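A look at the structure
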Amino acid sequence: MTAALRFDPIRLPEKCEQLRKEVRAFLADEIAAGTFDPHKPNREDTDAPEFSRRVGAKGWLGMTWPKKYGGQERSFLERYVVTEEMRVANAPTRRFFVADRQSGPVLLKYAPEHIKMEILPRICRGEICFAIGMSEPNSGSDLFAAKTRATKTDGGYLINGTKIWTSSAHIADYMIAIFRTSQPTKENRRHGLTQFLVKMKQPGIKVNPIGQITGQYEFNEVVFTDHFIPDDHVLGEVDGAWKQATSELAYERSGPERFLETYYVLTELVRAVGPNPDTRSAEGIGRLVAQLHTMRRMSVSVAGMLEAGKEPVVEASIVKDIGTVWEQQLPHRVRDLAAFVEETATNRETLERQLDFAIKTAPKLTIQGGTTEVLRGIIARGLGLR
Amino acid sequence: MAESDNIVVETAEKIFADLADPQTINNDKTNSWQAPLWQALSEAGLPLSWVPDDLGGSGASLADGFALLNAAGRFAVAVPLAETMLAGWLLAQAKITSPDGEMTVLPASPKDRITIDADGALSGRSRGVPFARAAKHFAVLAHGKEGVSIALVDASKARIESGLNVGYDHSDTVTLDKVQPVSIKAAPKGVDQTHLMLMGGVTRSLQIAGALESMLDISVRYSNERVAFEKKISKFQAVQHNLARLAGESAAALAAATSAADAIANAKSFNDEVYLEAASAKIRCAEAAEKGGGIAHQVHGAIGFTMEHILHRYSLRALAWRDDFGSESYWAVELGKLVANRGADELWPLVASR
Ligand SMILES: Cc1cc2nc3c(=O)[nH]c(=O)nc-3n(C[C@H](O)[C@H](O)[C@H](O)COP(=O)(O)OP(=O)(O)OC[C@H]3O[C@@H](n4cnc5c(N)ncnc54)[C@H](O)[C@@H]3O)c2cc1C
């Protein structure tokens, strides 16, 4: 038996390349029209709702979903191309990305038909924003310590408790959350959590912003006080959310967004260094590009596994581990190399502004979407050590 | 070991399993295992995998040959299989028939150069040539007035200074002093020293990745056997996390190496995209050898530091293979120059080309 994990060198099919050209052209037009500034990662995203609708109109949201729900029935590989082009261009994707990547697929799998018919087409049109309600003040890595209660009442449930670190809750229309519907059992401490579809901006939900060290406000505390959720908003099996949570993870963890969040500093370093770099800069850039290329090939390979209907949980964890550790150290390596950039480099100011922001961003990268320690635990399990 | 539906790899793995068991090799201080192994590999036609039938080889595809090299890496075999394959490939580029027996290639470093004199004799020096001492012939890439040529040279005509790499394998300095080749022909367009170095680099990458696969295997196994503080050490979280990182390094090396092999096997020409793949593989695999090998030794404690244990057969070879056909820092500088030269806005299109 071999413990080694293989990432087959799959190649993106021809139709992906055509699509890539379309996405690049679209983004170039948006940049020219002033929708967003690709060199300004700390963006305000004022036009983000309109941008989302235009991406939806292109058919680039819910791309892999059935047509009857507004999807395009295209491949994961095509979706992959759209994601990486958006990410590399620093496009304002926050509003639609969670719904497209995660919430939509959960609804597809677990929501009743009439809810699918109501919500999925709206996601595809780029009209609505989703948040993920997993973490609580005493439940982050240890998801199964979640305490926020869903108490059965007439025709639905009453929710009481607090979610925290909820990205985009302040702009979200919906949240997919896990709540405690019963106590864990002796045999299974994961038992007793249920997944719900929560409609935001309703009575009994209060969203309090939490500032981040980057100076941005992206995540929030969400307080539930006797908030009512109707029965048909239960997603999947009551008390069985733990079984549902793991298959989501491969989607969340292996995509290009898991190693490209600070990519922009590398491009700007190459620009600042110019066409004839000194040896130290050349070596630094060469290594970073080799590492980036390798991760991307692994990530494309996982997209191929998803396309083939597999659930590559361990492989996805490896890509996230290597990817986020890389994107975390990238701004520091670039800072190191930028020390040798000429004062006169035309983009020096942009590079410095970007480095400042990327260095502040870096600490979160190995935490969001599952910490590095937790991922390594999953990989260790995959190796048969636990 | 990994199952394979590839007949070339299956054949090789069977031979390795029968004749190149690492423990047996380790115990054999006289190297008497080498002759039967080489004979079996030769009878199966494996050293000349990349040589077409009409030039004396077995005509396997580039892809099959690459997979075979990865398997050889998993066994960390120390016979000139990879070197003979490369030599045969190089000779075949110029339609020169491969002779029987062990071969290796010159130069083995991007900075060394062999030149063609006016009378057609070859001169120059190449350092770090793997298995030069064991080779009967050299496949040589040489530069002359007319451009690049490929030559077959009788090894006994060369001066060889013995050396050993950190993996205790032959790594010799070969000097050609006006040596008349057995045959010499112009290299086809596109086959130059860079091309040869990158082919060699990908060869070494696949071997390093294979060695890491085996290091991961034996480290996981060892951690499940060794007991300390009344527990298997695999139950300690710190050890688990180290092994998870080793798995990541092994997976990254294998992904980079197989991707580069796939790129070369399907390439129409040796363009920037193929260059990115091949150079990246050598850089990333070398980094993985350093990080991954370090972890494998850490997990094994003192026993893994002994000559009795098989770990060093993989770890030291993986480290040694970093040096052949251009080290990771050499390729990083070259790749960095290429990227800088194409310009900032061409970086992503290059990375996202496949
Ligand atoms: C930018 C950002 C956005 C986020 N967005 C969302 C969101 O939208 N929705 C949401 O639900 N959550 C979100 N999170 C929360 C994120 O999922 C949690 O922060 C994460 O799961 C870790 O939980 P914690 O912060 O409670 O840390 P803890 O669980 O307290 O962990 C603290 C440290 O201890 C380590 N640790 C904990 N348990 C173990 C263990 N068993 N073995 C080894 N080490 C361990 C952790 O790895 C970590 O290093 C976001 C976080 C960030 C930073």
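Residues numbered from 1 in each chain as written. Chains lettered and ligands numbered in written order. Predicted model: local features only at pLDDT ≥ 70, side-chain atom pairs only at ≥ 80, totals over all residues. Heavy atoms only, no water.

Tallying secondary structure elements over chain B gives eleven helices and ten strands in all. For chain B, buried positions account for 60% of its 354 residues. Long-range pairs, those at least 24 residues apart, make up 73% of the contacts in chain B with a sequence separation of at least 6. For chain B, the accessible surface area stands at approximately 13,400 Å², while carbon and sulfur atoms represent 51% of it. (Helix = DSSP H or I, 4+ residues; strand = E, 2+ residues; numbered from the N terminus. Buried < 20%, exposed > 50% of the residue type's maximum accessible area, 1.4 Å probe, protein only. Contact = heavy atoms within 4.5 Å. Areas by Shrake-Rupley, 256 points an atom, 1.4 Å probe, with all protein chains shown as cover.)

Further remarks concern the environment of Lys116(A). Residues and elements named next belong to chain A. By the element assignment, Lys116 lies in helix H5 (residues 113-124). Its relative accessible area of 12% is what places Lys116 among the buried residues. Considered as a pair, Lys116 and Tyr69 are 47 residues apart in the sequence and their alpha carbons are 7.0 Å apart. With residues near it in sequence (within four places) discarded, Lys116 still touches Tyr69, Leu107, Leu108, Ala111 and Pro121.

Bringing the site of the ligand into the picture now. As a structural note, the neighbourhood of the ligand is formed by 15 residues, with Ile132(A), Ser135(A), Ser141(A), Trp165(A) and Thr371(A) the closest of them. Bordering the ligand are residues originating from chains A and B. In this structure, Ser135(A) approaches the ligand through a main-chain N or O atom, which is 2.7 Å from an oxygen atom. A distance of 3.0 Å separates a nitrogen atom of the ligand from a polar atom in the backbone of Trp165(A). Burial of the ligand by the protein amounts to 65% of the accessible area it has alone, namely 970 Å². (Near = heavy atom within 4 Å. Polar contact = N/O pair within 3.5 Å; in protein donor to acceptor, adjacent residues only side chain to side chain.)

Before going further, it helps to spend a moment on the packing of aromatic side chains. Residue and element names in this part refer to chain A. Summed over all chains, the structure comprises 15 aromatic pairs over all chains. For the pair Phe51 and Phe96, a centre-to-centre distance of 6.4 Å together with 25° between the ring planes defines the contact as stacked. With a gap of 45 residues between them, Phe51 in helix H2 (residues 48-57) and Phe96 in helix H4 (residues 94-110) connect regions that are remote in the sequence. Here the two residues Phe51 and Phe96 agree in accessibility, since each one is buried. Between Tyr157 and Phe196, the aromatic rings sit 5.0 Å apart at their centres with planes inclined by 75°, giving edge-to-face as the arrangement. With Tyr157 in strand S3 (residues 156-167) and Phe196 in strand S5 (residues 193-199), this pair connects stretches of sequence that are 39 residues apart. Look at Tyr157 and you get buried, because its relative accessible area is 8%. (Phe/Tyr/Trp six-rings, centres within 6.5 Å; stacked < 30°, edge-to-face > 60°.)

The subject of this paragraph is the state of the cysteines. As enumerated under the stated definition, the model contains zero disulfides over all chains in all. Left unpaired, Cys129(A) is separated from the closest cysteine sulfur, that of Cys124(A), by 15 Å. (Disulfide = S-S within 2.5 Å.)

Tracing the sequence through the fold places Thr371(A) in the loop between helix H10 (348-365) and helix H11 (372-382). Not counting residues within four places of it along the chain, the set of residues in contact with Thr371(A) comprises Ser141(A) and Thr366(A).

Right, let's talk about the pattern of salt bridges for a bit. When charged atoms on two side chains of opposite charge get close, those side chains can pair. Enumeration according to the criterion identifies 48 salt bridges over all chains in this entry. Through salt bridges with shared partners, a single network forms among Glu17(A), Arg20(A), Arg24(A), Glu84(A), Glu85(A) and Arg296(A). (Salt bridge = Lys/Arg side-chain N within 4 Å of Asp/Glu carboxyl O.)

Now for helix H7 (residues 237-265) of chain B. Think of an α-helix as 3.6 residues a turn; residues three or four steps apart then line up on the same face. The terminal C-alpha atoms of H7(B), which comprises 29 residues, lie 41 Å apart, in line with the 42 Å expected from a rise of 1.5 Å per residue. Among the 29 residues of H7(B), 24 are classified as buried, and the element is accordingly described as predominantly covered. (Expected span 1.5 Å × (residues − 1).)

Moving on, we get to the packing of helix H4 (residues 62-74) of chain B against helix H6 (residues 193-225) of chain B. All names here are of chain B. Closest axis-to-axis distance for the H4/H6 pair is 6 Å, and the angle between their directions is 45°. One finds that H4 runs oblique with respect to H6. Two packed elements cross with a definite hand, and for H4 against H6 that hand is right-handed. Between H4 and H6, the contacting residues are Leu62, Phe66, Leu69, Asn70, Gly73 and Arg74 on the first element and Met199, Val202, Thr203, Leu206, Gln207, Ala209, Gly210, Ala211, Glu213 and Ser214 on the second. Taken together, the residues of the contact of H4 with H6 sort by class into eight nonpolar, six polar and two charged. (Axes fitted to C-alpha atoms, helices over the stretch in contact; angles between N-to-C directions. Parallel < 35°, antiparallel > 145°, perpendicular 65-115°, else oblique. Left-handed = near helix turned anticlockwise from the far one by under 90°. Nonpolar A, V, L, I, M, F, W, Y, C, P; charged D, E, K, R; others polar.)

Before going further, it helps to examine the environment of Leu122(B). In this fold, Leu122(B) is placed in strand S3 (residues 122-130). For the pair Leu122(B) and His143(B), spaced 21 residues apart in the sequence, the C-alpha separation amounts to 9.1 Å.

Take the pairing of strand S6 (residues 205-211) of chain A next. One face of the sheet, then the other: side chains in a regular strand alternate in exactly this way. Residues and elements named next belong to chain A. Note that S6 and strand S7 (residues 217-230) share seven bridges and pair antiparallel. By the bridge assignment for S7, Val207 is matched with Val222. What sits between S6 and S7 in their antiparallel hairpin is a turn of five residues, with Gly215 showing a positive phi close to 95°. (Pairing = 2+ DSSP bridges.)

Moving on, we come to empty space enclosed by the protein. All chains considered together, the criterion is met by two cavities of 30 Å³ or more. The space that makes up the largest cavity amounts to roughly 100 Å³. Around the largest cavity, the lining is made up of 16 residues, and of these Glu83(B), Phe131(B), Asp169(B), Arg204(B) and Trp321(B) lie nearest the centre. Counting residues per element, the lining of the largest cavity draws most heavily on helix H5 (residues 81-93) of chain B, which supplies three residues. Here the residues of the lining of the largest cavity sort into eight nonpolar, four polar and four charged. Size it by volume and the second largest cavity reaches roughly 60 Å³. Lining the second largest cavity are Gln102(A), Ser103(A), Val106(A), Ala131(A), Ile132(A), Met134(A), Ile176(A), Gln195(A) and Glu248(A). For the lining of the second largest cavity, the secondary-structure elements that each account for two or more residues are H4 and strand S1 (130-133) of chain A. Counting residues per element, the lining of the second largest cavity draws most heavily on H4(A), at three residues. Grouping the amino acids of the lining of the second largest cavity by side-chain chemistry returns five nonpolar, three polar and one charged. (1 Å grid on protein atoms, 1.4 Å probe; cavity = no way out; pocket = protein on both sides within 12 Å on 5 of 7 lines; lining within 4 Å. Points joined across faces, edges and corners; volume = space filled by probe spheres on them.)

Attention now goes to the interface of chain A and chain B. Between chain A and chain B, the residue contacts involve 52 residues of the former and 54 residues of the latter. Taking both partners together, chain A and chain B bury about 4,600 Å²; carbon and sulfur atoms supply 64% of that area. The three residues of chain A that bury the most area against chain B are Arg6(A), His293(A) and Leu385(A), which together make up 15% of that side's buried surface. Counting across the interface, chain A meets chain B through five salt bridges. The residue Glu277(B) makes a salt bridge to Arg297(A) at a minimum N-O spacing of 3.8 Å. One can count 14 residue pairs in polar contact (both at pLDDT 80 or more) joining chain A with chain B. (Buried area = accessible area lost by both parts, 1.4 Å probe.)

Turning to unusual backbone geometry, a few remarks are in order. Residue and element names in this part refer to chain B. Residue Leu106 is joined to Pro107 through a cis peptide bond whose omega torsion reads -15°. Considering the arrangement of structural elements, one finds Pro107 in the loop between strand S1 (103-106) and strand S2 (114-116). In this structure, Tyr168 takes a positive phi of about 65° despite not being glycine. The backbone phi angle of Glu230 is positive, close to 65°, even though this residue is not glycine. Along the chain, Glu230 turns up in the loop between strand S9 (227-228) and strand S10 (231-232). Its relative accessible area of 79% is what places Glu230 among the exposed residues.

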